[in-house]
Amino acid sequence: MSTALVGLPFLKGHGTENDFVILPDPLGDLSLSPAVVARLCDRRAGVGGDGLLRVVRCDALSEGRALADRATWFMDYRNADGSVAEMCGNGVRVFARYLWHAGLTDDTEIAVGTRAGVRTARLSADDGVTVGMGRAELPSGPGATAAVTVGERTWPALHVDMGNPHAVAFVEDLGHAGALLDAPGVAPAAAYPHGTNVEFVVDRGPAHVALRVHERGSGETRSCGTGACAVMVAAARRDGHDPVADGRAVTYTVDVPGGRLLITERADGMVEMTGPAVIVAEGVIDRAWLDPAELGR
Ligand SMILES: N[C@@H](CCC[C@H](N)C(=O)O)C(=O)O
């Protein structure tokens, strides 16, 4: 039976419980409005997810074309509210796992195009995936630090860019961030003209931290891969490590509510993240609920 008759194929996957709706769209036929993405990510009335990964060929998308000589596939990432983001670290691991699962590659080292550039994922025999996340940028000057507020409490935060923006605040107790139902206040707003993800961090031991995160466009989630990398770099600098200056890599364990990530900043400044990526289910979206014609198909 043709796809047009039965509806829209999708999969569901997660990485440390950061979960995604995966929409295969190799030729870039789908036109995804923010409202449709939000419907798909809705946990009660839709499939449910912290975000959506559209799987599209780099050469089929204007945003991907410049990367097509280095990557075949582009991760078109959307937050649960339908907004577009530059990068998603857990998403890249799940995306690479999907390409393998679907037989779209037989290579265990997979280049993935993203809005933040090409990221390379290495699959291991278990569900682990290691991703080269690029270099962390720590802006200097007025945008370097911010203040993050939840309720009555305010903490200083470090601005770390991992292709997408992060405000990293070290706190005494992760519970102090409260229920995190709303986005934390971040000041000055000019430090983050496009909004930001906010991480709250505590120490667990030497080179071992734990975080909670409020994601731009998705709310509190069980994990954020780019956020964990931003936290690792902020913690390393706080602890006096600068791998490029020291000529020595440093590795941290970063616990998230949904599991554990291992993050290394290498002597060349590149950040590598290792964690699980799991394909959970696959199915077809009923055309009575969402007609592929609503997506231009
Ligand atoms: N969960 C992601 C980050 C997704 C994008 C983020 N919400 C943003 O708007 O920048 C990750 O694992 O990195």
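Residues numbered from 1 in each chain as written. Predicted model: local features only at pLDDT ≥ 70, side-chain atom pairs only at ≥ 80, totals over all residues. Heavy atoms only, no water.

Some points on the site of the ligand
1) Next: Every one of the 15 residues lining the ligand counts as a neighbour, but Asn18, Gly89, Arg216, Gly225 and Thr226 are closest to it.
2) Next: One of the side-chain N or O atoms of Asn18 is found 2.7 Å from a nitrogen atom in the ligand.
3) Next: When the ligand sits alone it has 360 Å² of accessible area, and the protein chains cover 100% of it.
4) Next: Taken atom by atom, the bulk of the ligand overlaps the largest cavity.
5) Next: Those elements giving two or more residues to the shell around the ligand turn out to be β4 (73-79), α3 (89-101) and α4 (225-238). (Near = heavy atom within 4 Å. Polar contact = N/O pair within 3.5 Å; in protein donor to acceptor, adjacent residues only side chain to side chain. Areas by Shrake-Rupley, 256 points an atom, 1.4 Å probe, with all protein chains shown as cover. 1 Å grid on protein atoms, 1.4 Å probe; cavity = no way out; pocket = protein on both sides within 12 Å on 5 of 7 lines; lining within 4 Å. Sits in = over half its atoms within 2 Å of the grid points. Helix = DSSP H or I, 4+ residues; strand = E, 2+ residues; numbered from the N terminus.)

Let's talk about empty space enclosed by the protein
1) Next: Inspection of the entire model under this criterion finds one cavity of 30 Å³ or more.
2) Next: When its volume is computed, the largest cavity comes out at roughly 90 Å³.
3) Next: Met87, Asn164, Asn197, Glu215 and Thr226 are, among the 14 residues lining the largest cavity, the residues nearest its centre.
4) Next: Across the lining of the largest cavity, the residue classes tally to five nonpolar, seven polar and two charged.
5) Next: Domain assignment of the residues forming the lining of the largest cavity places at least three in each of domain 1 (3-127 + 278-295) and domain 2 (141-275). (Points joined across faces, edges and corners; volume = space filled by probe spheres on them. Nonpolar A, V, L, I, M, F, W, Y, C, P; charged D, E, K, R; others polar. Domains from an automatic or database assignment.)

Points about the domain arrangement of the protein
1) Next: Under the domain assignment, the protein is made up of domain 1 (3-127 + 278-295) and domain 2 (141-275).
2) Next: Just the C-alpha atoms count here: the centres of domain 1 and domain 2 sit 25 Å apart.
3) Next: Each partner contributes residues to the interface: domain 1 has 21 residues there, and domain 2 has 23 residues.
4) Next: A buried area of about 1,400 Å², summed over both sides, lies between domain 1 and domain 2, and 41% of it is on carbon and sulfur atoms.
5) Next: Per-residue buried area on domain 1 facing domain 2 is highest for Thr16, Glu17 and Arg93; these three make up 35% of the total on that side.
6) Next: Residue Arg216 pairs with Glu86 through a salt bridge whose shortest N-O separation is 2.8 Å.
7) Next: Connecting domain 1 to domain 2 are 13 residue pairs in polar contact (both at pLDDT 80 or more).
8) Next: For the side of domain 1 that touches domain 2, the elements supplying multiple residues, two or more each, are β4, α3 and β6 (117-123).
9) Next: Looking at which element gives the most residues to the side of domain 1 that touches domain 2, the answer is α3, with three residues. (Contact = heavy atoms within 4.5 Å. Buried area = accessible area lost by both parts, 1.4 Å probe. Salt bridge = Lys/Arg side-chain N within 4 Å of Asp/Glu carboxyl O.)

Description of the pattern of salt bridges
1) Next: Inspection of the entire model under this criterion finds 20 salt bridges.
2) Next: Arg238 is paired through a salt bridge with Asp239; the nearest N and O atoms lie 2.9 Å apart.
3) Next: We classify Asp239 as partly exposed; its relative accessible area is 35%.
4) Next: In this structure, a network of salt bridges that share partners links the residues Asp25, Arg54, Glu63, Asp76, Arg78 and Arg115. (Buried < 20%, exposed > 50% of the residue type's maximum accessible area, 1.4 Å probe, protein only.)

Quick word on the UniProt feature "active site" (unreviewed entry) in the protein
1) Next: Sequence positions flagged by UniProt for "active site" (unreviewed entry) are, in local numbering, Cys88 and Cys224. Taking the farthest pair of C-alpha atoms as the criterion, the annotated set spanning 137 residues converges on one region, since that pair is 7.6 Å apart. When only the residues just named are considered, the largest cavity is lined by Cys88 and Cys224.
2) Next: Filtering out sequence-adjacent residues up to four positions away, Cys88 remains in contact with Asn18, Phe20, Met75, Tyr77 and Thr226.
3) Next: Among the structural elements, Cys224 can be located in the loop between β14 (219-221) and α4. (UniProt positions renumbered as here; feature names shortened; annotations may be inferred.)

Let's talk about the layout of surface pockets
1) Next: Its volume calculated, the largest pocket comes out at about 150 Å³.
2) Next: Lining the largest pocket are 15 residues; nearest its centre among them are Thr120, Val131, Gly132, Arg266 and Glu272.
3) Next: For the lining of the largest pocket, the secondary structure elements donating two or more residues are β6, β7 (128-135) and β17 (270-276).
4) Next: A per-class count over the lining of the largest pocket returns six nonpolar, four polar and five charged.
5) Next: Each of domain 1 (3-127 + 278-295) and domain 2 (141-275) gives at least three residues to the lining of the largest pocket.

Quick look at the UniProt feature "binding site: substrate" (unreviewed entry) in the protein
1) Next: Taking the UniProt record as the reference, the feature "binding site: substrate" (unreviewed entry) is found at Asn18, Asn79, Gly89, Asn90, Asn164, Asn197, Glu215, Arg216, Gly225 and Thr226. Taking the annotated residues in turn, Asn18, Asn79, Gly89, Asn164, Asn197, Glu215, Arg216, Gly225 and Thr226 line the largest cavity.
2) Next: Note on placement: Asn164 falls in the loop between β9 (153-161) and β10 (165-170).
3) Next: Polar contacts involving the side chain of Asn164 include one to the main-chain carbonyl oxygen of Met87, which spans 3.3 Å.
4) Next: Looking at the element boundaries, Glu215 is found in strand β13 (residues 208-215).
5) Next: Accessibility expressed as a relative area gives 5% for Glu215, which makes it buried.
6) Next: The residues touching Glu215, leaving out its near neighbours within four places in the chain, are Asn18, Tyr77, Asn79, Asn197, Thr221, Ser223 and Cys224.

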